[in-house]
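# Observations on the model geometry
The residues making up each chain are set out below.
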Amino acid sequence: MATSLEELSQRVSAAFADRAKLKDADTVAAVRETLARLDTGELRVAEKGPEGWRVNAWVKEAILLFFAVSEMKVMEVGPFEFYDKVPLKKGLEAAGVRVVPPGTVRYGAFVERGAVVMPGYVNIGARVGAGTMVDTWATVGSCAQVGRNVHLSGGVGLGGVLEPPTASPVIIEDGAFLGSRSIVVEGVVVEEEAVLGANVVLTASTQIIDVTGTQEVIHKGRVPARSVVIPGMREKQFPAGKFMVPCALIIGQRKASTDQKTSLNAALRDFAVAV
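Conventions and cut-offs
- Residues numbered from 1 in each chain as written.
- Predicted model: local features only at pLDDT ≥ 70, side-chain atom pairs only at ≥ 80, totals over all residues.
- Heavy atoms only, no water.
- Helix = DSSP H or I, 4+ residues; strand = E, 2+ residues; numbered from the N terminus.
- Buried < 20%, exposed > 50% of the residue type's maximum accessible area, 1.4 Å probe, protein only.
- Contact = heavy atoms within 4.5 Å.
- Lys, Arg positive; Asp, Glu negative; His and termini not counted.
- Charge placed at Lys NZ, Arg CZ, Asp CG, Glu CD.
- Phe/Tyr/Trp six-rings, centres within 6.5 Å; stacked < 30°, edge-to-face > 60°.
- Pairing = 2+ DSSP bridges.
- Expected span 1.5 Å × (residues − 1).
- Arc of directions from axis to C-beta.
- Axes fitted to C-alpha atoms, helices over the stretch in contact; angles between N-to-C directions.
- Parallel < 35°, antiparallel > 145°, perpendicular 65-115°, else oblique.
- Left-handed = near helix turned anticlockwise from the far one by under 90°.
- Nonpolar A, V, L, I, M, F, W, Y, C, P; charged D, E, K, R; others polar.
- Core = buried A, V, L, I, M, F, W, Y, C linked by side-chain atoms within 4.5 Å.
- Salt bridge = Lys/Arg side-chain N within 4 Å of Asp/Glu carboxyl O.

Within the chain one finds five helices and 26 strands. Expressed as lengths along the three principal axes of its C-alpha atoms, the size of the chain is roughly 65 × 45 × 40 Å. The buried share of the chain, taken over its 275 residues, is 49%. Considering only contacts in the chain between residues 6 or more positions apart, those separated by 24 or more positions represent 39%. The chain carries 30 positive and 30 negative side-chain charges, and their two centres are separated by 3 Å.

Let us now look at the packing of aromatic side chains. Any pair of aromatic rings gets described here by the distance separating the centres and the angle formed by the planes. Throughout the structure, instances matching the rule amount to two aromatic pairs. Consider the rings of Phe66 and Tyr107, whose centres lie 5.9 Å apart with planes at 40°: the pair is tilted. Highlighted residues: Phe66 in helix H3 (residues 57-69) and Tyr107 in the loop between strand E6 (104-105) and strand E7 (110-111), separated in sequence by 41 residues.

A separate point is the environment of Ala46. Within the fold, Ala46 resides in strand E1 (residues 46-49). Spatially, the C-alpha atoms of Ala46 and Ile171 are 8.9 Å apart, while their sequence positions differ by 125 residues. Beyond its immediate chain neighbours, meaning those up to four positions away, Ala46 contacts Trp53, Arg54, Val55, Asn56, Gln145 and Pro169.

Our next topic: the pairing of strand E26 (residues 241-253). Bridge analysis of strand E22 (residues 208-210) against E26 gives three bridges, and the strand direction is parallel. The partner of Ile209 across the bridge, within E26, is Leu249. Relative to E26, strand E25 (residues 227-238) is paired through twelve bridges, and the arrangement is antiparallel. Each bridged residue has a counterpart across the sheet, and for Gln237 the counterpart in E26 is Lys242. Connecting E25 to the antiparallel partner E26 that follows it, the hairpin turn spans two residues.

Bringing helix H1 (residues 5-17) into the picture now. Taking 1.5 Å of rise per residue, 13 residues should cover 18 Å, and H1 covers 18 Å from first to last C-alpha, within 8% of that figure. Considered for burial, the residues of H1 that qualify are Leu8, Ser9, Val12 and Ala15. All buried residues of H1 project into a common sector of 135° when viewed along the axis, lining one side. Facing away from the buried side of H1 by over 90 degrees, the exposed positions are Glu6 and Ala17. Buried positions along H1 lie against helix H2 (25-39) and H3.

So, on to the sheet that holds strand E16 (residues 171-172). On the basis of which strands lie adjacent, the open sheet formed by six strands has the order E7-E10-E13-E16-E19-E24 and parallel pairing. Every interior strand has two partners, whereas the edge strands, E7 and strand E24 (222-223), have only one. Where strand E19 (residues 189-190) and E24 come together, two bridges link them in parallel fashion. Counterpart to Val189 in the pairing with E24 is Arg222.

Turning next to the packing of H1 against H3. Geometry of a packed helix pair, given as the angle between the helix axes and the separation of the axes. Here H1 crosses H3 at 55°, and the two axes come no closer than 9 Å. Taken together, the axes of H1 and H3 are oblique relative to one another. When you trace H1 past H3, the crossing you get is left-handed. Contacts between H1 and H3 involve Leu5, Leu8, Ser9, Val12, Ser13, Ala15 and Phe16 on the former and, on the latter, Trp58, Glu61, Ala62, Leu64 and Leu65. Considered class by class, the residues forming the contact of H1 with H3 number nine nonpolar, two polar and one charged.

Soluble globular proteins tend to pack their nonpolar side chains together in the buried interior. Residues Val140, Leu158, Ile172, Val184 and Leu202 are the most contacted members of the largest nonpolar core, which totals 34 residues. Once residues within four sequence positions are removed from consideration, Ile172 is found in contact with Gln145, Val146, Gly147, Val150, Leu158, Leu178, Val184 and Val190. Counting 24 residues, the second-largest nonpolar core is a separate cluster that includes Ala30, Leu43, Leu65 and Val69.

According to the stated counting rule, one finds 13 salt bridges in the structure shown. Notably, a salt bridge pairs Lys89 with Asp39, separated by 3.0 Å at the nearest N-O pair. Of this pair, Lys89 sits in the loop between strand E4 (80-84) and helix H4 (92-95) while Asp39 sits in helix H2, and the two are 50 residues apart along the sequence. Asp39 shares its class with Lys89; the two are buried. One salt bridge connects Arg234 with Glu216, and the closest N-O pair in it is separated by 3.1 Å.

Function-wise, these values are silent; they only describe arrangement.
Below, the structure written as structure tokens:
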């Protein structure tokens with residue numbers, strides 16, 4: 001079995017380039033070991049460094065290969081039956097993670113101690129930080145990275161991404177609050193302590209417009225730290241005429257009164273925005 005990250009990454013990337021190598025037992029063991037380390041939090045799909053977020057593409061390659069080397073199996077949990085290649089995560093009590101039925105955390109995801117998963121879903125390759133709430137029907141997509149003390153309100157959807165392996169996942173940084181039914185996909189980064197109001201939809205191409213000054217400032221793919229964001233519309237010219245297209249509006253900054261010591265809902269109520 002591989003013993004170093006360098007050896008693991010070399011074996012995984014070689015197999016991803018040539019699937020015939022999956023006939024080799026050591027290569028299959030390297031794929032399974034990578035997933036085991038991902039499941040325990042020793043590895044992660046993306047990590048933040050001095051120059052920003054970096055994707056570990058070989059780890060995503062290992063996830064894709066894991067599907068290739070795993071067999072479909074029947075899994076029974078009480079009265080429920082599943083038929084899949086990826087088992088459910090084990091050892092939740094020892095890990096200090098609360099999962100409320102029928103909440104689901106898939107093997108290969110890592111959830112830190114003190115996080116709570118209501119009847120929501122955390123997919124393979126995802127990471128959820130300590131003190132974070134994944135509320136009812138909220139979904140953390142494959143490889144999405146969610147920081148500590150984050151609140152994903154009811155029905156929040158974080159998009160997943162496995163291919164291409166170099167693609168950046170959705171990233172929600174520490175202390176952020178996402179209102180009900182908000183959606184973040186296509187590798188958008190929601191920076192520390194930002195607040196999204198209900199029904200905000202962010203894609204890589206969505207214009208995120210700061211309207212707090214005398215001139216608009218447009219961001220794409222990133223919500224600046226501590227911003228308070230609501231859904232918006234703006235006019236756009238098409239060959240068939242002018243139509244309204246969705247955007248997101250930065251209407252202010254979180255105040256000291258809405259820091260982590262108090263209810264994050266107040267950050268939206270300060271601006272008379274629905275939670």
